[in-house]
Amino acid sequence: MKFIKQETFHEQITFSYSRYSKDEMNVVRIDGFDTRIDPTRLVNSLLFICFKIKNLITKIYSQENYR
């Protein structure tokens, strides 16, 4: 998981997390989100996906209005 880049989230099918060791978790990195608040990255991942969907819908809607 730690090797999955933020730019490729849309290509992923499923996410999970675990620990590599006692001190290192296997989680995705999302810029701008605090790992102390959301150590499993579940909330951050869902928010990231929601923002991407919102932007896609806005883009589609804008293109339809210009036709």
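Structure shown above.
Overview of the structure. Quick caveat, the model's predicted, so the values are computed rather than measured. (Residues numbered from 1 in each chain as written. Predicted model: local features only at pLDDT ≥ 70, side-chain atom pairs only at ≥ 80, totals over all residues. Heavy atoms only, no water.)

Its place among the elements puts M25 in strand β2 (residues 25-26). With relative accessibility at 21%, the residue M25 sits in the partly exposed group. Remark: the alpha-carbon pair of M25 and K2, spanning 23 residues in sequence, is separated by 8.3 Å. (Helix = DSSP H or I, 4+ residues; strand = E, 2+ residues; numbered from the N terminus. Buried < 20%, exposed > 50% of the residue type's maximum accessible area, 1.4 Å probe, protein only.)

Further remarks concern the environment of H10. Looking at where H10 falls in the secondary structure, it is placed in the segment before β1 (18-19). For the pair H10 and I49, spaced 39 residues apart in sequence, the C-alpha to C-alpha distance is 8.3 Å.

So, on to the nonpolar core. With five residues, the main nonpolar core is built from I4, F9, V28, I30 and F48. If near-sequence neighbours (up to four positions away) are discounted, F48 is found in contact with Q6, F9 and I30. (Core = buried A, V, L, I, M, F, W, Y, C linked by side-chain atoms within 4.5 Å. Contact = heavy atoms within 4.5 Å.)

Examined against the element boundaries, I49 turns out to sit in helix α1 (residues 42-65). Separated by 40 residues in sequence, I49 and F9 have C-alpha atoms that sit 8.4 Å apart.

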